[in-house]
Amino acid sequence: MSSTTPQSDSDQAGHLAHLGRMIAISSGKGGVGKSTVAANMAVTLARQGLRVGVVDADLYGPSIPGMLGIPGDTPPAMSPERKVIPAEAHGVKVISMAMLSGDDKPAVLRGPMVTKYLQMFITQVEWGELDFLLLDLPPGTGDIQLTLAQAFPLTGAIVVSTPQDVSLKIARRGLRMLEQVSVPILGIVENMSGFTCPSCGEVTHIFHQGGGAKIAESLGVPFLGAIPLDPAIVDSGDSGAPLVTSAPQSPAAQAYDAIATALTGAADQGGGLRVPFDWHIGDGTGKPAAASPAPGGAPDRPVALDYRAEGLRIGWQDGTEQVISARDLRLSCRCAACRDEMSGAALLNPETVSLDIVPTRIWSVGNYAIGIAFSDGHSSGIYTFTALRALETPEAEDV
Ligand code: ADP
């Protein structure tokens, strides 16, 4: 878990709100077409009129600039405020390690450095207002991916896999890892799912079909679609003209299009509350818009927050609603000042907490918790969604 203070988390929430929905594109292993999916998805979303940015977070093998025809060795320009101006191609803004190091020099970076670079890519880049920021993660399901998934307030992640059993098994591991760190899975994409004949355009299934859909079903996550194996994808990637622009009518381009549309829907519904947010309760600014509950949704993923006289009302994705009084919230603070870290014993004397205490600000902490500032000036508690859901509240009720 990140050890950032609530103050910096709330600052981060305020600073990142303009980035829109932040979506990680991940894969269990390399070479399954993750970056190709990220590049084509970004261009498809831009062609649908959305404002899109891509962070090429695959620091060891940055390939997004090449796929979009952006010269790899041109250092990006700086704004007068000393922010990096992203490159732009096919209507998509891009920042990549390749632009900083030259794409033929492999970036030799250790885990903490990777997170530092990516923090910079996200906070020190002049992105402007975006609807989507796609993060092309490095392949794999190790510590680096875990750290990245936790370091940013992701709306969710998609997992790209090829149809072979071994690849799907690795993808399943990746899905489990993302779930463990509370990153909503927006869906699975199956790539190289059948062969498109270059002369007749017919799609033949070389590997067995439907593995991605089966895994999605068994894990209860959406299946976003399948992209056929198409030699034109390799050519278009190499030439810097993504398939969705060079052959928009091809079955593969149509598949990207359908997946982008499914992704937009999944990001709207499946992700619960949009993070980051920084809600000033007094004047109502920054209040996160409510999302819809979903049948079979997660019991510890909030879809709505509201504050009324009786307390903080949380609507959970599984359709239940919980009301926690301001005083109960304050008393359940588990920060080091309120709770002994070793024994868990309460250090806060309930008699010192006034009956009319109210929260003044609530902000998102990553995608797993909220921070709360109270009218008594206390603001160092982090309330994980799981801990909030587990709070005994007599008012908890089904809706
Ligand atoms: P990853 O990011 O998972 O390592 P890439 O996106 O770099 O994978 O793709 C690896 C190679 O596979 C590239 O040469 C790319 O052009 C090719 N490729 C990706 N998707 C397809 C596809 N559907 N059909 C044919 N080739 C593909």
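If you're wondering where the values come from, they're calculated on a predicted model, not measured in any experiment.

A. Fine view of the nonpolar core. Met-22, Val-55, Leu-68, Leu-118, Ile-122, Phe-152 and Ile-227 are the most contacted members of the largest nonpolar core, which has 81 residues in total. Residue contacts for Val-55: discarding those within four places in its chain leaves Ile-95, Leu-118, Phe-121, Ile-122, Trp-127, Leu-133, Leu-134, Leu-135 and Asp-136. Counting 26 residues, the second largest nonpolar core, distinct from the first, contains Phe-277, Leu-312, Ala-326 and Leu-348.

B. How the structure looks around the site of the ligand. In the region of the ligand, 16 residues are neighbours, and Gly-31, Lys-34, Ser-35, Thr-36 and Asn-191 sit closest. Val-32 is positioned such that a nitrogen or oxygen atom in its backbone is 3.1 Å from an oxygen atom of the ligand. One of the backbone N or O atoms of Gly-33 is found 2.9 Å from an oxygen atom in the ligand. Summarising the interface, the protein chains cover 80% of the accessible area of the ligand, which totals 560 Å² for the free molecule. Elements with a contribution of two residues or more to the shell around the ligand: helix 2 (34–47), strand 7 (185–196), strand 9 (223–229) and helix 9 (231–239).

C. The arrangement of the sheet that holds strand 14 (residues 359–365) in detail. With antiparallel pairing, 4 strands are arranged side by side in an open sheet as 10-14-15-16. Taken across any chain shown, the strands that pair with only one partner, and hence form the sheet edges, are strand 10 (278–280) and strand 16 (382–384). Each strand axis lies, on average, 20 degrees off the axis of its neighbour in the sheet, ignoring direction. Here strand 10 pairs with strand 14 via 3 bridges, running antiparallel. Within strand 14, the position partnered with His-280 by the bridge is Arg-361.

D. The arrangement of the packing of aromatic side chains in detail. Inspection of the entire model under this criterion finds 0 aromatic pairs. Lying across the ring of Phe-374, Arg-330 places its NZ or CZ 5.9 Å from the centre.

E. Representation of the pattern of salt bridges within the structure. A complete count under the given rule lists 10 salt bridges for this structure. As a salt-bridge pair, Arg-308 and Asp-306 come within 3.1 Å of each other at their nearest N and O atoms. Classification of Arg-308 as partly exposed rests on a relative accessible area of 39%. With a closest N to O distance of 2.8 Å, Arg-330 and Asp-376 form a salt bridge. Here Asp-376 lies in the loop between strand 15 (369–374) and strand 16 and Arg-330 lies in helix 12 (residues 326–331), a separation of 46 residues in the sequence. Given the relative accessible area of 42%, Asp-376 is considered partly exposed. Among the charged side chains, a network of salt bridges with common partners joins Lys-34, Asp-58 and Asp-136.

F. Fine view of helix 7 (residues 165–180). In this model, helix 7 (16 residues) spans 23 Å end to end at C-alpha, consistent with the 22 Å of a helix rising 1.5 Å per residue. If you check which residues of helix 7 are buried, you get Ser-167, Leu-168, Ile-170, Ala-171, Gly-174, Leu-175, Met-177 and Leu-178. Looking one or two residues beyond helix 7, the residue adopting positive phi is Ser-182, at roughly 60 degrees.

G. Here's a closer look at the state of the cysteines. If you walk through the whole model with that rule in mind, you get 0 disulfides. Free cysteine Cys-333: the closest other cysteine sulfur is in Cys-335, separated by 3.7 Å. Among the cysteines around Cys-338, which has no disulfide bond, Cys-335 carries the closest sulfur, lying 3.8 Å off. Residue classification places Cys-338 among the buried positions, given a relative accessible area of 3%.

Cut-offs used in this document
Residues numbered from 1 in each chain as written. Predicted model: local features only at pLDDT ≥ 70, side-chain atom pairs only at ≥ 80, totals over all residues. Heavy atoms only, no water. Core = buried A, V, L, I, M, F, W, Y, C linked by side-chain atoms within 4.5 Å. Buried < 20%, exposed > 50% of the residue type's maximum accessible area, 1.4 Å probe, protein only. Contact = heavy atoms within 4.5 Å. Near = heavy atom within 4 Å. Polar contact = N/O pair within 3.5 Å; in protein donor to acceptor, adjacent residues only side chain to side chain. Areas by Shrake-Rupley, 256 points an atom, 1.4 Å probe, with all protein chains shown as cover. Helix = DSSP H or I, 4+ residues; strand = E, 2+ residues; numbered from the N terminus. Pairing = 2+ DSSP bridges. Axes fitted to C-alpha atoms, helices over the stretch in contact; angles between N-to-C directions. Phe/Tyr/Trp six-rings, centres within 6.5 Å; stacked < 30°, edge-to-face > 60°. Lys NZ or Arg CZ within 6 Å of the ring centre and 35° of its normal. Salt bridge = Lys/Arg side-chain N within 4 Å of Asp/Glu carboxyl O. Expected span 1.5 Å × (residues − 1). Disulfide = S-S within 2.5 Å.

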